[in-house]
Each structure stands twice: as structure tokens, then as C-alpha cells.
Amino acid sequence: MVHAPILAIAVPLLGAFAAPLLAKLDKRARDAWVLAAGLAVAVFGIAVAVKVLGTGTPWVYTLGAPSPGAAVTQGGFPIRIVLVVDALGAFMGIVAILAGAVGLLYGLHYLREEEGKTLGLSLLLLLWAGILGLVYTGDLFNFFVFLEITSIAACALIGYRVWESRPPEAAFKTMTMYTLGGLLVLVAVGLLYGEHGALNIAYLSKLITGSAVERLALGLLLGGLLMKAGAVPAHMWAPDAYGEAPAMATVVLVANTQASIYAIMRVVFTLFGGALARPGIGWLIASLGTVTVIVAVLMALIQRHLGRLIAYGAVSQIGYMLLAVGVAAVARGGFGEVALRGGIFHMINDAASVGLLFLVAGAIRRAVGSVDLMGLGGLGRSLRWESGFFLLGALALAGIPPLNGFASKFLIYESAFRASPILSAIAVLASILLLAVVVRAFHGTFLGPEPKEAPPSPKGMLVAMGVLALLILVLGLFPGFFLGRLVGPAAKALLAGRAAYLAAVLGG
Amino acid sequence: MRIGSGEGFWGPIVWAILALGIAALGFAVWLQGRRTYKRGTEQEEPFLSGEKLPPGAPGIGGTHLYWGFTEALKPFLSRLAAFHTGFVGDYVGWLIVILVVAIMVVILT
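1. Looking at the overall build of chain B
And step 1. Counting its regular elements, chain B contains four helices and two strands.
And step 2. The order of α-helices and β-strands along chain B, N terminus first, is β-β-α-α-α-α.
And step 3. Across the 109 residues that make up chain B, the buried fraction comes to 17%.

See the structure below:
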């Protein structure tokens, strides 16, 4: 398992490009290959997490060296590309693996051969590889490269249904925004490279003093990453994208958006966490997070398209995470750590609840051909499992106890209250409105008269949904277990572990 | 399995046990009620202020639920919806706004 970090990225890449070749030979061989690749990624990702969380120190994997454990630096200057996985990276890897594995399992039964199943599976693996690379890399340029890989794969998946009018339009809009966001990140990387002649995150972090060029680079990084995370007012691409992407892709797109939040955390707390650790940046992120929460929930209230309704719900959850990151950046310790624990915990909770809702929406679309709330109703009679899963996911999303969404929101509310009671009050109000949104969606879809009977979903799709439903219950009933073993170390690694991160990469 | 925030705590198992206890209590009260329900009678018809609904009349759809919420917030919601134009040029404009704000905050703090 010494090569686990790079294999977790390389295997889905290989899987993505080999799947079309195998599909030419035999469709079952392709499916087996995709499943095997997914299983291997899960094993490697879990191995990385077990080692990092077990030892409590970041895992530095050096590429292009005689051995992966070789020193990154020569004469104090980093000369090699590295993967650096600390507890936060390991946690994000787990979230990505969960979303990718569920998405693959669902996609194998959801996609139809005549609609380009091979392409869909390949793109999903490519997106998965990009997300894992993004959360594992310790190099700023490779961060940009992985960001682009996720953008290309995500946009291709959003426009997957080329025979319809709206998906290509949504893909075009998303591609425009992702390209501009990527350009902002690239210019920031160029500015930092021009200033310091290096791309290694730990090395740059050591050198940053707060010069005008560095500040400009931080502003560009924040602008690009906040947009990619879906922060209001640069959020409008997200409902278009989530609403039109095939369901198995949407669950991975949620993890992709969370990878952008991870990137914001890495930039604010690690890369610029020394000389530019200013509360003003935290207030900016917390304010945008709060505006995102309330605007997205209000927009969800007036949606008629179930996919867009869930998409706005997903954007609102991004707001909660941004609020938590912002509060943590304001306080940096004390209630800031509580906020960060809440924000990080909310990532896996969001992946489970929003992911489940999107999968159920996909099952409904597959069964009745539409997700327009005006034409739906009574599906609870024929889609019994799906209706149960939807109710569970919806209540978790709204933060109803004892489900998982409540546990993380509880930490966010309490810590945000310490920073500003107004932010906390808006967050609570938005959660109440979100309950109205999901009750309306559940009623409109599953209750009332049934226009036509819907065929049941394939078992593989139900299993994928069941995994997320089970996770919602387990995370909700035993939050202390996950906070102690996964979330707490991740928050600590980010807030107090900057020195350990730098020392692990640069030595000393 | 409690979690603490420094100010308070949350114990989902205790909450779940209490919720189950309250549900059991409610069920016990319900069992004491009069058994007047008859399956397949007019008791199963929806009651809408005593109005007789013609056969095939539309029911109350999901989009009508929380009508009060959306009606009360209509002036605000219509402005908010208009702000979501769906035009990609506007999306880019808002990206520039967020970028300018971020750069200004970073430079001024």
C-alpha cells in the first residue's frame, strides 16, 4: 500500500480510458472492469485514510523520486511534485470515494446502452480521479490541472443528454463559468510562481509575507473557488448543472463542489494561513455563506422542477459550509474549531442527503419520464422504497433530529452564534424554510392521486440509494463516533496542523 | 454518543428514545378512541369546507402546499427570481462582482 495515494488517482484514470476499449469487446467486461476499478479506488482511498488518521501525520508521496518517501527538497528548495494527504485530505478522500462508489453502482443500472452508457461511466471515473487528485495534491499547478480535469468531466456529464435541449445549454453555461474560474486560479498560480519561483503549497506557504501580489493572488483564488463552490451571487450555474445532469453524475458533482470548499480551506488556512490570517477574509466567507443559505432556500421554494428544487437545496447546504469555514477563519480556535468541525461534518452529511435526493429524482425520471412537480403525484404507491428514501433524505437535508443534518447544523448554529447572532438566526430561519421546501416536494411527488403507475427501479439503483439512506441514519445516531475519528482530526489538521503540514513536506 | 459545542450538547440516542416513548404514548391514547371509522364510506372522501367535489376534480397538488409562504413573500420572491435571468452573460457579471469584492477585502484587511 506504499503507492496508495497515487494509485487512488491513477486507477480511475486508467479505468476511464480503458472502459470504452473493453466496451468494444463485451459490455459485461466493461461493467466488471468499472466495478473492479471502483473497488480498487475505494481500497486505496481507505488505506490512505487509515494510515494518515492512524499515524496522525500527513502522508507525503514524492513523484519522480527514487522512492516515494524520498525528500521533496534539495538544498531547501522543492524540486518534485508531491501528494500531501493530511487528516483533512484523507476525510475528503473518503467523501469522494463514497460519492464515486455510489454513483458508479447506480450508474451501472441507471444508464442505458443506447444513450451512451460507456461514455457516462468513463466520464464519471474521470471526474472521480480529478476530485481525488484535487484533494490529495500538495502542488499548486497540479491543483489547477485536477481542477480542470473535474471541470471538463463535469461539463461533459451535465450535457450528457445531448438529444434534449436543456442539458447542452446547462453544460455550456457551466463550462463558461468553470473556464473563467479556472483562469482566475491559473493567474493566481502564475502570480505566486512569478513572486517565489515555486509551486509547492508548503514551500509557498513558508515564503508568503502578505505582499500586494500575494494578496491579489489570494483574491483571485477566492473569487474562482467561491464561484466553483456555488456561493451567491455566482451560484446560478449550479441549479442549471445539477438540474440537468444524470442522477449518477449529480451525486459526484456534489462531491466536486465540496472539493472547491476544501480548496478554499486549504488556501485560507494552509497556503495563506501564516501572514494573511485575517478575520476580514473569514467575515467575507461567512457573509457570502449566509446570503447563499437564504437566497438558495427562497429560490427552492418557488421551483416546479424537482431536480432544480433539490439543486437549490444543495446550494443552500454549500452556504452552511461556507458559513462554518468563515466563522473558523474569524476565530481560528475555540468556537472556530467547533464551526470547522460542523462544516467538515456537514460535507459528508450533505453528500449523503443531497446525493440520496438526486438519486431518487433520477429514479423518478427513469420511471415516469419527468420530474415536473405539476405532473407528478401519488408515486408513493408504486415507488415505495424511493418514497421512503426521499423522505429520509429530505428530513436530513432540512436538519430534522435525530438525522445527520441536525448534528452538523447544531455545531454550525452554536459557533456562528458566538461570531454573530444574526448569521446564526438567518441560518436557522433558512432551515425552517427548507423544511417547507422538502415537505412540498414530497407531497407533490409521492402523495395524492397517482396519474399513472410507475415501474419499480432496478435493484442496483435501490442498493445505491439504500447505502446513502443507511449512512444518513448511522451518521445521525452516532455523530460522536465520526466526529472523534474522522472530523475532529481533519479540523485539527487544518487549524493547528499547519506547522506539521509544512514540516512533513519540507523537513525540520 | 453525545457531541458538544462548548455551549451545549446533542445526544441523538436519548432524543430517539424520548421520541419513541412519546410516539408510544400517542399510540396508547389513540387506542382509547372511539372506533367509528368505516372503510369504503364517505368518511374516506376529502373534506373541503363541506363542498361536494365533482368526479375527476383536481386535488391540491404539491405546488399548492405552503401557498401562504410563497404568497406572503411574493414581492420579494419575484424580484429574486428575476435576478436569476438564466443568461450566461449575467452569470459572468456576478462572478466579476464576487471577484472584485474578494480582492478588495483581501487588500483592505
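So much for the structure itself; the text now carries on.
2. Topic: the interface of chain B and chain A
And step 1. Listed per partner, the contact involves 43 residues of chain B and 62 residues of chain A.
And step 2. Summed over both partners, the interface of chain B with chain A buries about 4600 Å², with 82% contributed by carbon and sulfur atoms.
And step 3. When the buried surface of chain B facing chain A is broken down by residue, Y91, I98 and V106 of chain B rank first, second and third, together holding 14% of it.
And step 4. If you look at where chain B meets chain A, you find one salt bridge.
And step 5. A salt bridge links E7 of chain B to R418 of chain A; the shortest N-O distance between them is 3.0 Å.
And step 6. At the junction of chain B and chain A, the tally comes to nine residue pairs in polar contact (both at pLDDT 80 or more).
And step 7. Broken down by secondary-structure element, the contributors of at least two residues to the side of chain B that touches chain A are β1 (3-4), β2 (9-10), α1 (12-31), α2 (67-72), α3 (74-83) and α4 (88-108) of chain B.
And step 8. When the residues that make up the side of chain B that touches chain A are grouped by side-chain class, the tally is 31 nonpolar, 10 polar and two charged.

3. A short note on unusual backbone geometry
Residue and element names in this part refer to chain A.
And step 1. Each neighbour pair has its own omega, and for V232 with P233 the value is 10°, a cis peptide bond.
And step 2. The topology assignment puts P233 in the loop between α8 (212-229) and α9 (237-244).
And step 3. Residue P402 is reached from P401 by a cis peptide bond, and omega for that bond is 5°.
And step 4. In the Ramachandran plot, R332 falls in the positive-phi region, its phi being about 45° despite a non-glycine side chain.
And step 5. Here R332 shows up in the loop between α12 (306-331) and α13 (335-368).

4. As for helix α11 (residues 279-301) of chain A
And step 1. Between its first and last C-alpha atoms α11 of chain A spans 33 Å; for 23 residues at 1.5 Å apiece the expected length is 33 Å, and the two agree.
And step 2. Counting buried residues along α11 of chain A, 19 of its 23 residues qualify, which places the element largely inside the surrounding structure.

5. With respect to a nonpolar patch on the surface
And step 1. Residues I96, V100, M104, I107 and L108 of chain B make up a contiguous nonpolar surface patch of about 490 Å² in total accessible area.
And step 2. Within the secondary structure, I96 of chain B sits in helix α4.

6. Quick look at the packing of aromatic side chains
Two aromatic rings are characterised by how far apart their centres lie and by the angle between their planes.
And step 1. On inspection of all chains with the given rule, the structure shows 16 aromatic pairs over all chains.
And step 2. Ring geometry for Y178 of chain A and W237 of chain A: centres 5.1 Å apart, planes at 70°, overall edge-to-face. Note that Y178 of chain A is positioned in helix α6 (residues 166-196) and W237 of chain A in helix α9, a separation of 59 residues in sequence. In terms of burial, Y178 of chain A and W237 of chain A fall into one category: buried.
And step 3. Seen in terms of ring centroids, W385 of chain A and F389 of chain A are 5.8 Å apart; in terms of plane orientation they differ by 35°. Their pairing is tilted. Taken together, the positions of W385 of chain A and F389 of chain A, both in helix α14 (residues 384-397) and four residues apart, correspond to about one turn of that helix.
And step 4. Accessibility expressed as a relative area gives 60% for W385 of chain A, which makes it exposed.
And step 5. Through successive ring pairs, a cluster of aromatic residues spans F406 and F410 of chain A together with W10 and W15 of chain B.
And step 6. Directly above the ring of W59 of chain A sits K51 of chain A, whose terminal nitrogen or CZ lies 4.1 Å from the centroid.

7. Examining the domain arrangement of chain A
Residue and element names in this part refer to chain A.
And step 1. If you check the domain split of chain A, you get domain 1 (1-276 + 501-508) and domain 2 (278-477).
And step 2. If you look at the interface, domain 1 gives 46 residues, while domain 2 gives 45 residues.
And step 3. Around 4000 Å² of area is buried between domain 1 and domain 2 when both sides are counted, 75% of it from carbon and sulfur atoms.
And step 4. When residues of domain 1 are sorted by the area they lose upon contact with domain 2, Y106, V232 and F269 head the list and together hold 15% of the total.

8. Some remarks on α12 of chain A
Residue and element names in this part refer to chain A.
And step 1. In a regular helix each residue adds 1.5 Å, so 26 residues correspond to 38 Å; α12 covers 38 Å between its end C-alpha atoms and thus fits that length.
And step 2. Counting buried positions along α12 gives 24 out of 26 residues, so the element sits mostly inside the fold.
And step 3. Phi turns positive, to about 45°, at R332, one or two residues after α12.

The rules we used
Residues numbered from 1 in each chain as written. Chains lettered and ligands numbered in written order. Predicted model: local features only at pLDDT ≥ 70, side-chain atom pairs only at ≥ 80, totals over all residues. Heavy atoms only, no water. Helix = DSSP H or I, 4+ residues; strand = E, 2+ residues; numbered from the N terminus. Buried < 20%, exposed > 50% of the residue type's maximum accessible area, 1.4 Å probe, protein only. Contact = heavy atoms within 4.5 Å. Buried area = accessible area lost by both parts, 1.4 Å probe. Salt bridge = Lys/Arg side-chain N within 4 Å of Asp/Glu carboxyl O. Polar contact = N/O pair within 3.5 Å; in protein donor to acceptor, adjacent residues only side chain to side chain. Nonpolar A, V, L, I, M, F, W, Y, C, P; charged D, E, K, R; others polar. Expected span 1.5 Å × (residues − 1). Patch = residues over 30% accessible without salt bridge, like charges linked within 9 Å, V, L, I, M, F, W, Y side chains within 5 Å. Areas by Shrake-Rupley, 256 points an atom, 1.4 Å probe, with all protein chains shown as cover. Phe/Tyr/Trp six-rings, centres within 6.5 Å; stacked < 30°, edge-to-face > 60°. Lys NZ or Arg CZ within 6 Å of the ring centre and 35° of its normal. Domains from an automatic or database assignment.

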